[in-house]
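Here are the chains, one letter per residue:
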Amino acid sequence: PPASNAFSSGAVMATEVATLTRELEDFARERGADLFGVADLRTASDLNVPRTGPGADLPLAVSLAMCLNDTIVDEHDPDEGHRQSLYWHHVYGVVTPALDTLAHDVSRWLADRRFRAVPVPGSSPYDMERLEGVFSHKFAAHLAGVGWIGKNCLLLTRRFGPRVRLVTVLTDAPLEAGSTMDRRCGRCRECVNACPVDALNGTEFRADQPREFRFDAFKCSEYRREHSCGLCVAACPVGSHRKRRA
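### Observations regarding the overall build of the protein
- Within the protein, the regular secondary structure consists of 10 helices and eight strands.
- Buried residues in the protein amount to 46% of all 246 residues.
- Counting contacts in the protein only where the partners sit at least 6 residues apart, residues at least 24 apart contribute 73% of the total.
- Per element, the accessible surface of the protein, about 12,700 Å² overall, is 49% carbon and sulfur.

Below, the structure written as structure tokens:
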């Protein structure tokens, strides 16, 4: 039967699921993925994960991450503006396109094995009125156990903190899904204190609360029109370059 039918009927052996997942992770890491995880989106149906377009019916999300260059993050000066910013170029001109290529390769790997697979662009189609993408790579990675969402409203990973970019491949392949990583920032307010426009209020993430409870996306966006910010990324002590070398 088609692979999707085997998956939905539970006909795939657990050992086969584990093997396929391991082989896919090895393939993704060989092509540059620093972090890998699988999220079962059906467990989040009541949390209203934004998802539209091709592949909206696919049950699993393969979450892939690449880390940012520590020196570029640490030495970034937001006042240099978008055109002069090496940070802005690194994030959106280098790492994001590399992630899109990685997602394309992963989707082809799955398609070659007769599974449906749709790569969601790293900078996905955007709703300019609400300032949000049509799919949340960050929340998919959170569900997959790749990291947790911090007070800076970014995905924090154990190894790299928020110094990562994400991309997702939606699929019906029978893969082994991870579990949500729930951690807290505690008393830390480094990102809140670093924000030049007070867009963050220090509230911990809760999946049942809208973004506005903890983050003013419009303040952030207005500031970034003139400045290539990223101070909330650089300020976070989780996974920072200095901490890892200590």
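Structure's up, so let's keep going.
### Let's talk about the pattern of salt bridges
- With the rule as written, the count across this model stands at eight salt bridges.
- Linking Glu25 and Arg29 is a salt bridge whose minimum nitrogen-to-oxygen distance equals 2.9 Å. Linking Glu25 with Arg29, this pair stays in helix α2 (residues 14-30), spanning four residues, or about one helical turn.
- Its relative accessible area of 38% is what places Arg29 among the partly exposed residues.
- Among the salt bridges present, the one from Asp70 reaches Arg163, with a minimum N-O distance of 2.9 Å.

### Quick notes on the confidence of the model for the protein
- On average, the protein scores 87 in pLDDT, and the residues at 70 or more come to 88%.
- The model gives residues 1-9 a pLDDT under 50, and that stretch makes 12 contacts with residues more than four places away or in other chains.

### What to know about the state of the cysteines
- Counted under the stated rule, the structure contains zero disulfides.
- In this structure Cys232 is not part of a disulfide, and its nearest cysteine sulfur, from Cys229, lies 6.4 Å away.

### Here's the deal with the packing of aromatic side chains
- All told, the structure shown has three aromatic pairs when counted by the stated rule.
- Judged by centre distance (6.2 Å) and plane angle (55 degrees), the rings of Phe139 and Phe205 are tilted. With Phe139 in helix α6 (residues 137-144) and Phe205 in the loop between α7 (190-194) and α8 (217-224), this pair connects stretches of sequence that are 66 residues apart.
- Classification of Phe139 as buried rests on a relative accessible area of 9%.
- What makes Phe205 buried here is its relative accessible area of 10%.
- Positioned above the aromatic ring of Trp109, the side-chain terminus of Arg113 is 3.7 Å from the ring centre.

### Brief notes about the sheet that holds strand β2 (residues 60-67)
- Spatial ordering of the open sheet is given by β1-β2-β8-β3, a layout of four strands whose pairing is antiparallel. Each end of this open sheet is capped by a strand with a single partner; those strands are β1 (35-40) and β3 (117-120). Taken pair by pair, the neighbouring strands of this sheet meet at an average axis angle of 25 degrees, ignoring direction.
- Against the sheet, helix α5 (residues 86-112) touches β2, β3 and β8 (164-171), its axis set at about 25 degrees to β8.

Cut-offs and rules
Residues numbered from 1 in each chain as written. Predicted model: local features only at pLDDT ≥ 70, side-chain atom pairs only at ≥ 80, totals over all residues. Heavy atoms only, no water. Helix = DSSP H or I, 4+ residues; strand = E, 2+ residues; numbered from the N terminus. Buried < 20%, exposed > 50% of the residue type's maximum accessible area, 1.4 Å probe, protein only. Contact = heavy atoms within 4.5 Å. Areas by Shrake-Rupley, 256 points an atom, 1.4 Å probe, with all protein chains shown as cover. Salt bridge = Lys/Arg side-chain N within 4 Å of Asp/Glu carboxyl O. pLDDT = per-residue confidence, 0-100. Disulfide = S-S within 2.5 Å. Phe/Tyr/Trp six-rings, centres within 6.5 Å; stacked < 30°, edge-to-face > 60°. Lys NZ or Arg CZ within 6 Å of the ring centre and 35° of its normal. Pairing = 2+ DSSP bridges. Axes fitted to C-alpha atoms, helices over the stretch in contact; angles between N-to-C directions.

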